[in-house]
Amino acid sequence: IGSELAVAIDSGKIKNAFLVALFDEVKHAADSLKSRLRNSQPMVFTTFKQFSSSPCFIETDVIVEAASQQAVRNFANSIVAAGKELIIMSVGALVDDVLLSDLLQSASINGSSIYLPSGAVGGIDAIRSTRHLTDSLTLTTTKNPKSFIGIPGFKTGKYDSGLPREKIVIFEGPASEAVKKFPLNVNVAGLLSLAGIGFEKTRVKMIADPSTQVNQHQIVAKGRFGEIIVTVNNVPSENNPKTSYLA
C-alpha cells in the first residue's frame, strides 16, 4: 500500500502532495521503490532515529503508516508527539487500549490528528452514527485461500496443494482476536470496532473460498435503529493479493 501511494504521489495522481521521505527497515525494499519513482527524490531511512532527527522529518506534514501493526506500536507515539499528522492503515494495532489511550492523549497535547481510512469497506459513517443503538455488529470476510498463505495458524487442510479445495471457515470470534491472528487481512475489523461497539462485541468470521476471485467484506449491524447490511466485493491488488484496490 505504501508503494502504491508513493507511486501515485510521484505521478501526480494525488494532488498537492510531495514525497519527502521513505522509511523502511528493509533497505533494499525502499531502494527498489525509489528506483520506480520518476519525479521525486525522497530520502531513504532505515531507522526511525535517522528519520526523526533529519530535516526531512521537520518538513513532513503527514506520515502514512502502511507497514504493520508492529510499526504502529513502535513509532506512532513518537510521530504524534512531534505534532505530525498520522494516517494509520494497520488499524488492528489499536486493539491495545493503552496504546490507543496514549495516542489520543498525545495527539490532544501536541495538536496532532490521527486518521483511520475506511480501507476496503464502506458504510463506516452509518456504523458510527448508530453505534449507541447497536446490539450486534458482525464482519464476514471471504477471500481466496492464497490470500492467507503465510499466516501463522492458518489451517490449510490435508491436500496435495496445501490449500483447501472447498469453502471453509478458518476463524470465528471477536475482532480482538481476529486482528491479532490475521494482521494483514482484517484491519477493517479494527476500524469497524472503533467506529462501532468495540473490539470484544464485534464478531468476525473468516472464510477461505477457493472458488472466489474477490475479497468480500460483509458488514451486518442490528439494533433499535433497524439493520445495516454493507457488502463490498473487492478486486485484489495485483501487487498484494492480501489487500484490495479499494484499500
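S.K.: Just to check I follow, could you spell out the overall build of the protein chain for this structure?
M.R.: Looking only at helices and strands, the protein chain features 9 helices and 10 strands. What you see for the protein chain is a C-alpha radius of gyration of 19 Å, in line with the 18 Å of a compact globule of 247 residues. Once the C-alpha set of the protein chain is aligned to its principal axes, its extents read approximately 50 × 45 × 30 Å. Put simply, the protein chain has 247 residues, and 43% of those count as buried. Looking at the protein chain alone, contacts between residues at least 24 apart form 64% of all its contacts between residues at least 6 apart. With an accessible surface of roughly 13100 Å², the protein chain has 52% of that area assigned to carbon and sulfur atoms. In the protein chain, which carries 25 positive and 22 negative side-chain charges, the distance between the mean positions of the two groups comes to 3 Å.

S.K.: Would you take a moment to explain the pattern of salt bridges for this structure?
M.R.: If charged atoms from side chains of opposite charge come close, those side chains can pair. Summed over the entire model, instances satisfying the criterion amount to 3 salt bridges. Between E227 and K222 there is a salt bridge, and its shortest N-O distance comes to 3.8 Å. Residue classification places K222 among the partly exposed residues on the basis of a relative accessible area of 41%.

S.K.: So what exactly am I meant to see when it comes to the pairing of strand β9 (residues 215–223) here?
M.R.: Each regular strand displays side chains that alternate between the two surfaces of the sheet. In this structure, strand β6 (residues 134–143) lies alongside β9, joined through 8 bridges in antiparallel fashion. Each residue of the ladder has a partner; that of S136, found in β9, is K222. In this structure, β9 lies alongside strand β10 (residues 226–234), joined through 9 bridges in antiparallel fashion. When the bridges of β10 are listed, N215 appears paired with N234. Between the end of β9 and the start of β10, which pair antiparallel, lie 2 residues.

S.K.: Explain the sheet that holds strand β3 (residues 62–65) here, please?
M.R.: Think of a sheet as strands paired side by side through backbone hydrogen bonds, with each pair either parallel or antiparallel. With respect to topology, 3 strands assemble into an open sheet ordered β3-β4-β5, the strand pairing being parallel. On the outer flanks of this sheet lie β3 and β5 (114–115), each paired with one strand and no other. Note that strand β4 (residues 85–88) and β5 share 2 bridges and pair parallel. Across the sheet, L86 pairs through a bridge with I114, a residue of β5. Contacts from helix α5 (residues 69–81) reach β3, β4 and β5, with the element oriented near 160° to β4.

S.K.: Quick question: what am I supposed to make of the sheet that holds β9 here?
M.R.: The strand order across the open sheet built from 5 strands is β7-β8-β6-β9-β10, with neighbouring strands paired in mixed fashion. A strand with exactly one partner marks an edge of an open sheet, and here the two such strands are β7 (168–174) and β10. Each strand of the sheet is rotated relative to its neighbour by a mean of 10°, with strand direction disregarded.

S.K.: Would you mind going over the layout of surface pockets with me for this structure?
M.R.: Rolled over the atoms, a probe as big as a water molecule pinpoints where empty space is left. Volume-wise, the largest pocket comes out at about 1200 Å³. Lining the largest pocket we find 39 residues, and of these A21, F23, V64, E65 and A66 sit closest to its centre. Elements with a contribution of two residues or more to the lining of the largest pocket: α1 (2–10), β1 (21–23), α2 (27–36), α3 (48–52), β3, α5 and β4. Broken down by element, the residue count for the lining of the largest pocket peaks at 7 residues, all from α5. Residues belonging to the lining of the largest pocket are distributed by class as follows: 28 nonpolar, 7 polar and 4 charged. Its volume calculated, the second largest pocket comes out at about 950 Å³. What lines the second largest pocket is a set of 39 residues, and nearest its centre among them are I1, M89, N240, T243 and A247. Those elements that place two or more of their residues in the lining of the second largest pocket are α1, β4, α9 (187–195) and β9.

S.K.: How do you make sense of α9 when you look at a structure like this?
M.R.: Because each turn of an α-helix spans 3.6 residues, side chains separated by three or four positions in sequence point in the same direction. Burial of α9 is extensive: 8 of the 9 residues sit out of reach of the surface. Within α9, the full set of buried residues consists of N187, V188, A189, G190, L191, L192, S193 and A195. Buried residues along α9 sit in contact with α5, α7 (124–129), β6, α8 (175–181), β8 (202–208) and β9.

S.K.: Where do I start with the side chain of T141 in this structure?
M.R.: You can see T141 is positioned in strand β6. With a relative accessible area of 0%, T141 lands in the buried category. A distance of 2.9 Å separates a polar atom in the side chain of T141 from a polar atom in the side chain of H217. In this structure, T141 is in contact with V186, K205, M206, I207, Q216 and H217, ignoring residues within four places of it in sequence.

S.K.: Which parts of the structure should I look at to understand the nonpolar core?
M.R.: In a soluble, globular protein the nonpolar side chains are often hidden away together inside. By size, the foremost hydrophobic cluster in this structure holds 52 residues, and its most contacted members are I127, V204 and I219. The biggest single contributor to this core is α5, with 6 residues. I219 has contacts with V121, G122, I127, L137, T138, L139, L192, I228, I229 and V230, leaving out every residue within four places of it along the chain.

Rules used throughout
- Residues numbered from 1 in each chain as written.
- Predicted model: local features only at pLDDT ≥ 70, side-chain atom pairs only at ≥ 80, totals over all residues.
- Heavy atoms only, no water.
- Helix = DSSP H or I, 4+ residues; strand = E, 2+ residues; numbered from the N terminus.
- Rg over C-alpha atoms; globule rule 2.2 N^0.38 Å.
- Buried < 20%, exposed > 50% of the residue type's maximum accessible area, 1.4 Å probe, protein only.
- Contact = heavy atoms within 4.5 Å.
- Areas by Shrake-Rupley, 256 points an atom, 1.4 Å probe, with all protein chains shown as cover.
- Lys, Arg positive; Asp, Glu negative; His and termini not counted.
- Charge placed at Lys NZ, Arg CZ, Asp CG, Glu CD.
- Salt bridge = Lys/Arg side-chain N within 4 Å of Asp/Glu carboxyl O.
- Pairing = 2+ DSSP bridges.
- Axes fitted to C-alpha atoms, helices over the stretch in contact; angles between N-to-C directions.
- 1 Å grid on protein atoms, 1.4 Å probe; cavity = no way out; pocket = protein on both sides within 12 Å on 5 of 7 lines; lining within 4 Å.
- Points joined across faces, edges and corners; volume = space filled by probe spheres on them.
- Nonpolar A, V, L, I, M, F, W, Y, C, P; charged D, E, K, R; others polar.
- Polar contact = N/O pair within 3.5 Å; in protein donor to acceptor, adjacent residues only side chain to side chain.
- Core = buried A, V, L, I, M, F, W, Y, C linked by side-chain atoms within 4.5 Å.

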